[in-house]
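# Structural overview for review
Listed here are the chains, written in short residue letters.
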Protein chains: 2
Amino acid sequence: MPEPGRQIVDLLLLARWVIPVIPASTVYEDYAVAITGDEISAICPRSEALQRYDAVVTLELDQHVLIPGLVNAHGHAAMSLFKGIANDKPLQQWLHQDIWPAEQRWVNAEFVHDGVELAIAEMLLSGTTCFSDMYFFPEAAARASRSAGIRAQFAFPILDFATVWGSGPDHYISMGIELFDQYKNSSLVQIAFGPHAPYTIAPAQLERIAMLSEELQACVQMHVHETAQEVDEAVARHGVRPLRMLYNTGLLNPRMQCVHACHLNADDIADLALTASHVVHCPESNLKLASGICPVTGLAQAGVNIALGTDSAASNNDLDLLGEMRTAALLAKVDASDAAALPAFQALELATINGARALGLEDSLGSLEPGKLADVVAVDMSALRLQPIYNPLSQLVFNQLSDRVSHVWVGGKALLEERRFKTLDAESIHARATAWSNKITGVSR
Amino acid sequence: MPEPGRQIVDLLLLARWVIPVIPASTVYEDYAVAITGDEISAICPRSEALQRYDAVVTLELDQHVLIPGLVNAHGHAAMSLFKGIANDKPLQQWLHQDIWPAEQRWVNAEFVHDGVELAIAEMLLSGTTCFSDMYFFPEAAARASRSAGIRAQFAFPILDFATVWGSGPDHYISMGIELFDQYKNSSLVQIAFGPHAPYTIAPAQLERIAMLSEELQACVQMHVHETAQEVDEAVARHGVRPLRMLYNTGLLNPRMQCVHACHLNADDIADLALTASHVVHCPESNLKLASGICPVTGLAQAGVNIALGTDSAASNNDLDLLGEMRTAALLAKVDASDAAALPAFQALELATINGARALGLEDSLGSLEPGKLADVVAVDMSALRLQPIYNPLSQLVFNQLSDRVSHVWVGGKALLEERRFKTLDAESIHARATAWSNKITGVSR
C-alpha cells in the first residue's frame, strides 16, 4: 500500500538527463520517468518523483541520458549474415554479382531466423526498440522478433518473379495477407506490404497492392528513387518517373514509406508532400553504394516526414541508428552547404518520432510522454572520451554512442540491462552466425 | 639463453589476423609480429614464430586483428575541452561567435596540458599512435604527449595578430624555433611550422616560413582551401587562389601538409602534385561545418599523397581515426558517384602509411614491417555485432571499431592493455575535464 498521496509505479528511472523529443529541443536535467505496465505514467523532476511515487523497482541512472527507443525504419535484418561479404561495388553489380546469387543459394527460413536474431542483438545494443524489415520468410523473422520482445514492422516482399520465398506476386501476397491476419492483434508486430522497387514489380500489381493496403489499412514500404539509373530507366520504359507512376497507381498516401529517395526533383517532392507520403532516409547505405544523397533539407521544407533507416548490414555495415543519425546530420550540412541544416535535435527526431510517424505509430511511440508506450533507452555518458559535456544533445548526435547504450525497455519490459540481454542468448547467436559463414565460405574453423 | 637456432625477442604477438598495410591489400591469418626493443623484428606465420623465437612476453590475440598504429595528421588536441560547446554553425560564425571568444578567455598552458591529455586518452583508446597538433602553448602540449609516450608532431601556430600565446609572428616563430631545438633529438616529438591559414597570415611571413623550414628541414602544416569563401576572398584580395600564392612563396614542397583542401580546381591539384605537397583530409569536420568535400579521387589520380585527420573535437566531435576512415571511404564514393572509389584498403592507407608519409616518417612508421618502429594496434573482433567476418578489412573500415581497440604499443612500449592506460591517469583526466567545463559554464556540480 502506498502512503496517502503516494502512487505505486512499476519502474522509476532517475536520470541525469532526459531528452523526451516532445516537447522539442528539450533537455531535462535530474529528471524521472515513471513506468506503469507497458506505459509511461509520468515524467517529472527527480525530487517530485521521489515525493510522489513508490516504485516496485527504482533505477539510479546518474550518468545517463534517457531517450525514446529508436525506430530503424528500413532494413533487411537477416542480411546481417552477409555483412561485409561484398564491398566497394555499386548497387546493381553488388546485387547481381554477390547478393542475389548468395541469397538464391543460402536463404531459407532458418537463415532468416538466425540472421534476424543477430540483427536484433545489434539493434538492441545500439538503442533500437522498433525496426522495419523487408525480407524473405517474414514469418521466420516475426517469430524471432516476437520472441526477443522487440517491436517490428515486417513489410513482406512482393516481386514479379520467383525467389527463394515464393513463386510470384500472387503467392507473395497470399502469404503476406495470411501473416497480416495472424499478427493483426499483436502489440509488437505489424505486417505491411513490401513491393520491392519500381523496377522489380509491374504497375498493375502496384494498383492491386494500393487497393489491398487501403482495405486492410496496412502500411506499404518500397525502395524508391534509390539510384539515378533507376529513375532514368523508368522514364525510358514508362515515360514517367517512378514516383509519378506510384502516384498514378494510388500508392502515394499517408501509409506509404518511400525508402531512399535519393534522386528527387521538385515535382517528386511536391507529390510526396501533397500525398503525405513518408521518406525513409538511409544515408550510410546510399553512401556505400554511391547511390546518392536524399535531399532532406528540401523534403523537410516541403513538410515531408523523414524517417531514418540503416538498410541492411550488407551495405552499411552496421545497424547502428545512433551512428546513422550522426551521418544524416553531417551529410545534410554539406549537401545543403549550410552548417545549420539538420541540427542535432532534428536528427534525433528522424530517428524517433518521425520513424514512429512513418510506421503509423506516432500516437504510441517516438517520444517520452505520459500515456505513450514505455520504449526507453538509457545511454551512459560517463566515458572519458565524451567529457566534458556542455550539451548532452550534441554528444548524443555527434559522438559515437552505440557502445554506451546501457539499458533498453520495450513496453516497460527490460530487454537489455547493463548491456546484458534479457531475452536473447548471445553465445548461441554468435555460434550460429559463425556456422552460417563457415557454410557459405566452405571453411571449417 | 635461447635454444640453438632460436632467437630472443621482447614481445611476440600471436594474432588471428595481421593487416600490415605493406604489402598492399594483404590480410595474414594466424600470424605473428615479433618486437625487439622499439622495432618490429619479424612478421611471419604463427607456427614459424613459435619455432623460431623465445619471447620475454608472448601475447595471444586470437580474436584480434593487428594493424599499424594510426596517424591522425591534423587536430587541435586541447580543444577537446570545448567538445560540443557550439554546433550546427558554419566555420566563420563558429570561430567568431564561439571558439575565438572562448579561447581568448580560457586558454592557457594548463588548459592546453589538460586538454591534450584528454585528447591523447581518446586517441589511444581508438588506435592512434601518432598525431599532429596545431595549437597555442605547444610546449605544454609536448609535455603532455611526451609523458604519455605517444608520438606527435606539434605545428606551432603562426598568425599575424596577437593571441593568448604570443604577440605576433616574430614572437610565435622565436618560441617555435626554441621548441624545435629542444625536441630535435626526440624520438617521440617533432616540431613543425604551423602558419594558421592564408587568411590569417601575410605572404611576406609565409616566405620567411618557407625559408626557415627549408633551413631546418622542418615540416609545415597549414589550413588551406577549407571553404569556398576563403578561396573567393583571397582571389579578390590577392588576385590569386591561396594555393598559387603558397606556391609563389615557396611553401609548396614535400614538407608541406595542406589541411582540408576542400575546394580545389585542376590547377590547384596540379600544383599539389607537381610540388609533392601532402593533403590532410578531415572529412567529418568538413561535413559538420559544411565546408565542402575534399576531392580525394581526383587527388589520388594525380598522385597526391592524402593523409587523414579528425580536426578538433570541437568540430567533429570525436578524435576517432577509425571512424574517420569509414567516413572518408563512404564520402569518397558518393562524391565520385562510384562505389569503387576509395576502397577499404585505400582508406586504411590514408590513416596509416599516408599519414606517416605526410609527416616525413614513412621510413619508420605507417606499416607493419621488420625494421620499422613497433607502433602497433590490436583490435578485438569478437563482438557479436561484428559477426560473421568474411573479410576483416571490410569490418575494420566499414564497422565502428573504436571501442574494440584492446592494445596499443608505441615503439614497442604498451600504452594501452585491455583498454587500460599504462601511462595516463584516467580518473584525474576526467576530473580536470569536468572542472574546466564547470569553470567555463559557471556551474558547480
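Residues numbered from 1 in each chain as written. Chains lettered and ligands numbered in written order. Predicted model: local features only at pLDDT ≥ 70, side-chain atom pairs only at ≥ 80, totals over all residues. Heavy atoms only, no water.

## Quick notes on the sheet that holds strand β2 (residues 28-36) of chain A
Note the cut-off: DSSP bridges decide pairing: two strands pair if at least two such bridges lie between them. Helix and strand labels come from DSSP, where a helix needs a run of H or I of at least four residues and a strand needs a run of E of at least two; each type is numbered from the N terminus.
Read from one edge to the other, the open sheet built from eight strands follows the order β3-β2-β1-β4-β13-β14-β15-β16 (chain A), with strand pairing classed as mixed. Two strands bound the open sheet, and with one partner strand each, they are β3 (39-45) and β16 (420-421) of chain A.

## So, the relation of the copies chain A and chain B
Condition: When the copies are superposed, the least-squares fit draws on C-alpha atoms of residues that have pLDDT of at least 70 in both. The contact criterion used is simple: two residues touch if any of their non-hydrogen atoms lie within 4.5 Å.
When chain A is fitted onto chain B, the two copies agree to an RMSD of 0.0 Å after a turn of 180° and an axial shift of 0.0 Å. In symmetry terms, the pair is related by a two-fold rotation axis. The position closest to the rotation axis in chain A is occupied by the C-alpha of aspartate 403 of chain A, lying 3.6 Å away. Looking at chain A, 100% of its interface residues are interface residues in chain B too, so the copies touch through the same face.

## Some thoughts on the pairing of strand β11 (residues 278-281) of chain B
Residue and element names in this part refer to chain B. Keep this limit in mind: The classification of residues rests on relative accessible area computed with a 1.4 Å probe and restricted to protein chains. Under 20% of the type maximum is buried, over 50% is exposed, and intermediate values are partly exposed. By the criterion used throughout, a crossover qualifies as right-handed when its path from the first strand across the helix to the second strand runs clockwise, the strands pointing away from the viewer.
Residues His278 and Val280 point to one face of β11 and Val279 and His281 to the other, with burial holding for every one of them. For strand β10 (residues 256-260) and β11, the ladder comprises three bridges, and the chain directions are parallel. What sits directly across from glutamine 257, in β11, is histidine 278. Read from β10 through helix α9 (residues 266-275) to β11, the crossover connection turns out right-handed. Summarising the sheet, β11 and strand β12 (residues 305-308) pair through four bridges and their orientation is parallel. Following the sheet pairing, valine 279 is matched in β12 by isoleucine 306.

## Concerning the packing of aromatic side chains
Cut-off, in case you're wondering: Aromatic pairing here means that ring centres of Phe, Tyr or Trp (its six-membered ring) are within 6.5 Å. Orientation follows from the plane angle: under 30 degrees is stacked, over 60 is edge-to-face, and everything else is tilted. Throughout this description, the term charge over a ring refers to an Arg CZ or Lys NZ atom that lies within 6 Å of the ring centre and within 35 degrees of the ring normal.
With the rule as written, the count across this model stands at 14 aromatic pairs over all chains. With a centroid separation of 5.0 Å and 50° between ring planes, the pair formed by tyrosine 135 of chain B and phenylalanine 136 of chain B is classed as tilted. On the basis of relative accessibility, which here comes to 10%, the residue phenylalanine 136 of chain B falls in the buried class. Judged by centre distance (5.6 Å) and plane angle (20°), the ring pair of tryptophan 165 of chain B and tyrosine 172 of chain B falls under stacked. For the residue pair tryptophan 165 of chain B and tyrosine 172 of chain B, the accessibility class agrees, reading buried in each case. The structure contains a cluster of three or more aromatic residues connected by ring pairs, namely Phe82, Phe111 and Trp436 of chain A. One residue, arginine 244 of chain A, lies across the ring of tyrosine 247 of chain A, its end atom 5.6 Å from the ring centre. Its guanidinium or amino end placed over the ring of phenylalanine 398 of chain A, lysine 288 of chain B lies 4.3 Å from that ring's centre, counting from NZ or CZ.

## Quick word on helix α3 (residues 109-125) of chain B
All names here are of chain B. Rules: How far a helix is expected to stretch is found by multiplying one less than its residue total by 1.5 Å. We call two N or O atoms a polar contact when they sit within 3.5 Å, provided that within protein one can donate a hydrogen and the other can accept it, with sequence-adjacent residues counted only if both atoms are side-chain atoms.
With 17 residues, α3 extends 24 Å between its outermost C-alpha atoms, agreeing within 8% with the 24 Å of an ideal straight helix rising 1.5 Å per residue. Burial analysis of α3 places 15 of its 17 residues in the buried class, which makes it a mostly covered element. Put simply, asparagine 108 is the residue that caps the front of α3, since its side-chain oxygen is 3.0 Å from the backbone nitrogen of glutamate 110. Glycine 127 sits one or two residues past α3 and shows a positive phi near 90°.

## Brief notes about the environment of aspartate 375 of chain A
Residue and element names in this part refer to chain A. Along the polypeptide, aspartate 375 turns up in the loop between α14 (353-358) and β13 (376-380). Judged by relative accessible area, which is 5%, aspartate 375 ranks as buried. The spacing of aspartate 375 and proline 20 is 355 residues in sequence and 11 Å in space, taken between C-alpha atoms. For aspartate 375, the residues in contact, after removing those within four places along its chain, are Ile67, Pro68, Gly69, Thr129, Arg151, Leu365, Leu368, Trp409, Val410 and Gly411.

## Observations concerning the domain arrangement of chain A
One widely used convention gives an interface's size as the accessible area the parts lose upon coming together. Residues and elements named next belong to chain A. Stated precisely, the cut-off is as follows: A domain assignment, automatic or from a database, supplies the domain bounds used here. Two parts placed together each lose some accessible area under a 1.4 Å probe, and the buried area is that loss summed for both. Whenever Lys or Arg places a side-chain nitrogen within 4 Å of a carboxyl oxygen from Asp or Glu, that contact is recorded as a salt bridge.
Under the domain assignment used here, chain A contains domain 1 (7-69 + 367-411) and domain 2 (70-358). Just the C-alpha atoms count here: the centres of domain 1 and domain 2 sit 29 Å apart. Of the roughly 2000 Å² buried between domain 1 and domain 2, counting both surfaces, carbon and sulfur atoms make up 71%. Across the contact surface, domain 1 and domain 2 share one salt bridge. Here aspartate 375 and arginine 151 are joined by a salt bridge, their closest N and O atoms 2.7 Å apart. Here domain 1 and domain 2 share five residue pairs in polar contact (both at pLDDT 80 or more) between them. Elements that contribute at least two residues to the side of domain 1 that touches domain 2 include exactly β4 (53-68), α15 (392-398) and β14 (405-410).

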